[in-house]
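Chain and residue survey
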Amino acid sequence: MTDFLLSKTFSNLTVDELVNKVQVNMDEARFRHCQGVSITARKLAKLNNYDEDKAALAGFIHDYAKQVANEEFIRVIKDKSNGFDQDLLNWNRAIWHGIVGTYFIKRDLGITDSEILTAIRRHTTGDVEMTTLDKIVFVADYIEPGRSFSGVDEAREVTFANLDDGVGYELAHTLQFLANNRQKIYPKTLAAYNVWGIKKEK
């Protein structure tokens, strides 16, 4: 992607070293998705007066652990020295790759910036409290150029007009999808919807 640009790594790695580490940790389709999220995050950061370099980096690494083996996630969660809630064992990689993914990002990429790690942690679940970076990564993942689901154009229009409305749109449609498919809903996602997803009284 010609408009993909990383200027800072927020670690001791060079940009080339970080990009290479990310690329070898996933397949080509996932890598292109991460580039798309990075590009979108940079655009949203500019619109919302946020640090474009930090947003671009967080967007790029958000799925770093997406293709980690289930057994490895379980091992990391069960090791109580890592500080993860043991209830995570009742969930799956859809939840793990964000929350537990921060462990691998710190270990492999040397990134310890708390704001970046929190955005990664929340990018699949949302939360009742979300920083500007949390919101940027959350919605950039949903609307990046490679996405083609029904409603994505409306999601993009809503998000680029108002970041909070984009978060609400994504949460509402994600919950609808999960409910229609009779899938479990992570408690923080439901709680996040009750903050960001409901229509406000005029």
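This one's a predicted model, so the numbers in the text were calculated from it and none came from an experiment. (Residues numbered from 1 in each chain as written. Predicted model: local features only at pLDDT ≥ 70, side-chain atom pairs only at ≥ 80, totals over all residues. Heavy atoms only, no water.)

1. So, unusual backbone geometry
As a reminder of what qualifies: Each helix is a run of DSSP H or I of at least 4 residues and each strand a run of E of at least 2, with the numbering of both proceeding from the N terminus. Residue exposure (1.4 Å probe, protein chains only): buried if accessible area is under 20% of the type maximum, exposed if over 50%, otherwise partly exposed.
Although it is not a glycine, N49 sits at a positive phi angle of roughly 55°. Inspection of the secondary structure assignment puts N49 in the loop between α2 (28–47) and α3 (52–61). We classify N49 as exposed; its relative accessible area is 74%. You will see that R182, though not glycine, has its phi angle at about 55°, which is positive. With relative accessibility at 76%, the residue R182 sits in the exposed group.

2. Concerning the UniProt feature "domain: HD" (unreviewed entry) in the protein
This is how it is decided: UniProt positions are given in the numbering used here, feature names are shortened, and annotations may be inferred rather than shown by experiment.
UniProt annotation of "domain: HD" (unreviewed entry) refers to residues 30–146 when read in the numbering used here. This span, residues 30–146, is 63% helix and 0% strand, and a straight line between its end C-alpha atoms measures 10 Å.

3. As for the packing of helix α8 (residues 132–143) against helix α9 (residues 152–161)
Our working rule: Lines are fitted to the C-alpha atoms to define the axes, a helix being fitted only along its stretch in contact, and any angle between axes, read from their N-to-C directions, falls within 0 to 180 degrees. These descriptions rest on fixed angle ranges, namely under 35 degrees for roughly parallel, over 145 for roughly antiparallel, 65 to 115 for roughly perpendicular, and the rest for oblique. Helix crossings get a hand from a simple test, with the near helix turned counterclockwise from the far one by less than a right angle marking a left-handed crossing and a clockwise turn marking a right-handed one. Working rule for contacts: check all heavy atoms of both residues, and any pair within 4.5 Å makes them a contact.
For the pair α8 and α9, the least separation of the axes is 9 Å and the interaxial angle reads 150°. Relative to α9, α8 is oriented roughly antiparallel. The handedness of the crossing between α8 and α9 comes out as left-handed. Counted together, V139, Y142 and I143 of α8 and V152, A155, R156, T159 and F160 of α9 form the full contact between these two elements.

4. Here we look at helix α6 (residues 101–109)
Counted only if it meets this: To be clear, the arc concerns the directions from the helix axis to the C-beta atoms.
Along α6, the residues that are buried comprise G101, T102, F104, I105 and L109. All buried residues of α6 lie within an arc of 160° about the axis, which places them on one face of the element. In the core, the buried residues of α6 are packed alongside α1 (15–24), α3, α4 (70–78), α5 (93–99) and α7 (114–122). Of the residues flanking the end of α6, it is G110, one or two places downstream, whose phi is positive at about 70°.

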